[in-house]
Amino acid sequence: MTDVLTLVFETFMSRTDVKNDLRAAAPSPTCSCLVVGDQSVSRSVLLLAAVTAAAEMGVRVVFFTQTQIQSLPAVLQKCITGLSPESLKKIKFCYPRTMEELLQQVASLHESTNLYPAPPSLVIVDRLEQFLCGPGGSNQSEFQPREPSCAAHLSALLCDTAAFLTNLLKAQTSGCAPCRLIASFHSDVDTGHTSSKESVMDVILDVFDRYFQVRCTIEQDRSYEAAAAGLQELWNVYLSGTSSTGVTQEWRLLIFPDGLMEFKLI
C-alpha cells in the first residue's frame, strides 16, 4: 500500500523537490495501510489515493464510505487537473450505512458478478470508526464491549478479501501487483466515558495494527512555521511499518490559502 501512497505524495509533491531521487528510495510495496488522524485530511488522502490509482496506475478501485460523494471536494479539484471521465469510471463508490452492511458489501467482492470487467486492485474504507460507533456512525454513540472483536472481524475480512482479489489478479496477469487495502480511522470520538476513552482507542488501534502492515499517522503542526510560510495548514505525515516491512518515512502536507495541497519529503 505504501507504493500507492508514495505515488500520491510524489504526484502532488512540492516543485522544489526532485522526484527522481525520491523514486530510487521508495519503499517496497506493502498491501495494507491504516490512515490515522484528522478526518477531513484523511479523507482527502483517501480520495487522492483513489484518483491516483485510477488515473496513474489505471486500476479499478472500490471506495466504501457512509458519506455520499457527488463530486471531488474543491480543495482536491485544485490539485487534480485534466482528470478524464474514463479514469473516474474506474472508481466505484459504495455507501454502507452500518457495520452489517459494510461486512456484506465487502464479502460480496468475492462474487463474480462484482468482478466485471476486472477485479479491483485497491479497496478503500473511509472512517472505520463510523461503523464501530453504531447505527449511522454518530459520534454520540458509545463503544460497546464487543467492538474490539468487531474491529478484528472487519479487519480479517478486509485482508482476506484483498488476498482473494490478489489471487484473481495474478491469475489474469502474470506478475500483477497485489490488491492493496487502505482504511482510515479517526480516534477522536466521544465514547461516552471520558476517563476510559484513551484505553478504548488504544485497544481498537492495537487490533488494527495486527492486521494492517503500515500506519500512516497525520498530525497537525501548529508551530509558527506554518504561519511564517504563509500556509493555511501544515500537517506532519508519518509512514511507519512493522519490523517485517521496514517502512519509515516522514512527509509534510502543505495546504495553502487558495486550497492547493503539496507534499514534501522530510
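This text goes with the structure placed above it.
The structure presented is a predicted model; accordingly, all values stated were derived computationally and were not measured.

**Some details on the pairing of strand β9 (residues 261-265)**
Summarising the sheet, strand β8 (residues 248-255) and β9 pair through five bridges and their orientation is antiparallel. From the neighbouring strand, W251 faces β9, where its bridge partner is L265. Taking the residues that link successive antiparallel strands as the turn, the β8-β9 hairpin has five residues, and the phi of G259 there is positive, at about 95 degrees.

**Describing the environment of D160**
Relative to the helices and strands, D160 resides in helix α8 (residues 147-172). Of the residues examined, D160 reaches a relative accessible area of 43% and is grouped as partly exposed. The sequence separation of D160 and A107 amounts to 53 residues, and the corresponding C-alpha distance is 9.4 Å.

**As for unusual backbone geometry**
Of note in the backbone geometry, R127 takes a positive phi value of approximately 55 degrees without being a glycine. A relative accessible area of 17% places R127 in the buried class.

**Some words on helix α6 (residues 99-107)**
If you check which residues of α6 are buried, you get M99, E101, L102, L103 and V106. In the core, the buried residues of α6 are packed alongside β2 (61-64), β4 (122-125), α7 (128-132) and α8.

**So, the sheet that holds β8**
One open sheet accounts for nine strands, arranged β3-β2-β4-β5-β1-β6-β7-β8-β9; its pairing is mixed. Across the chains shown, the open sheet's two edge strands, defined by having one partner strand only, are β3 (91-94) and β9. Direction aside, the axes of adjacent strands within the sheet are offset by 20 degrees on average. Two elements, strand β6 (residues 214-220) and strand β7 (residues 233-241), share seven bridges in a ladder whose sense is antiparallel. Bridge pairing in β7 places R215 opposite S240. The strands touched by helix α3 (residues 39-56) are β1 (32-37), β2, β3, β4, β5 (180-185), β6, β7, β8 and β9; relative to β4, the strand with the most contacts, the crossing angle is about 165 degrees.

**Brief notes about the environment of D221**
Positionally, D221 belongs in the loop between β6 and α10 (224-228). Judged by its relative accessible area of 12%, D221 is buried. Expressed as a C-alpha distance, the spacing of D221 and R252, which sit 31 residues apart in the sequence, is 9.2 Å. Here D221 is in contact with A226, L234, W235, N236 and R252, once residues within four sequence places are set aside. Only 2.6 Å separates the side chain of D221 from the side chain of S223, close enough to count as a polar contact. Side-chain polar atoms of D221 contact the side chain of R252, separated by 3.5 Å.

**What about the packing of aromatic side chains?**
In this structure the tally under the stated criterion is five aromatic pairs. Ring plane angle 50 degrees and centroid distance 5.3 Å describe the contact between F63 and F93, whose orientation is recorded as tilted. Of this pair, F63 sits in strand β2 while F93 sits in strand β3; the two residues are 30 residues apart in sequence, bridging distant segments of the chain. Geometrically, the ring pair formed by F208 and F212 is edge-to-face, given 6.1 Å between the ring centres and 80 degrees between the ring planes. Taken as a pair, F208 and F212 share a single burial class, namely buried. Each residue in the set F9, W251 and F263 is aromatic and connected to the rest through ring pairs, giving one cluster.

**Notes on the pairing of β6**
Sheet topology places β1 next to β6; five bridges connect them, and they run parallel. Residue G37 lies in a different strand from β6, and its bridge partner there is I218.

Cut-off values and rules
Residues numbered from 1 in each chain as written. Predicted model: local features only at pLDDT ≥ 70, side-chain atom pairs only at ≥ 80, totals over all residues. Heavy atoms only, no water. Pairing = 2+ DSSP bridges. Helix = DSSP H or I, 4+ residues; strand = E, 2+ residues; numbered from the N terminus. Buried < 20%, exposed > 50% of the residue type's maximum accessible area, 1.4 Å probe, protein only. Contact = heavy atoms within 4.5 Å. Axes fitted to C-alpha atoms, helices over the stretch in contact; angles between N-to-C directions. Polar contact = N/O pair within 3.5 Å; in protein donor to acceptor, adjacent residues only side chain to side chain. Phe/Tyr/Trp six-rings, centres within 6.5 Å; stacked < 30°, edge-to-face > 60°.

Everything listed here is a matter of geometry and, on its own, says nothing about what the molecule does.
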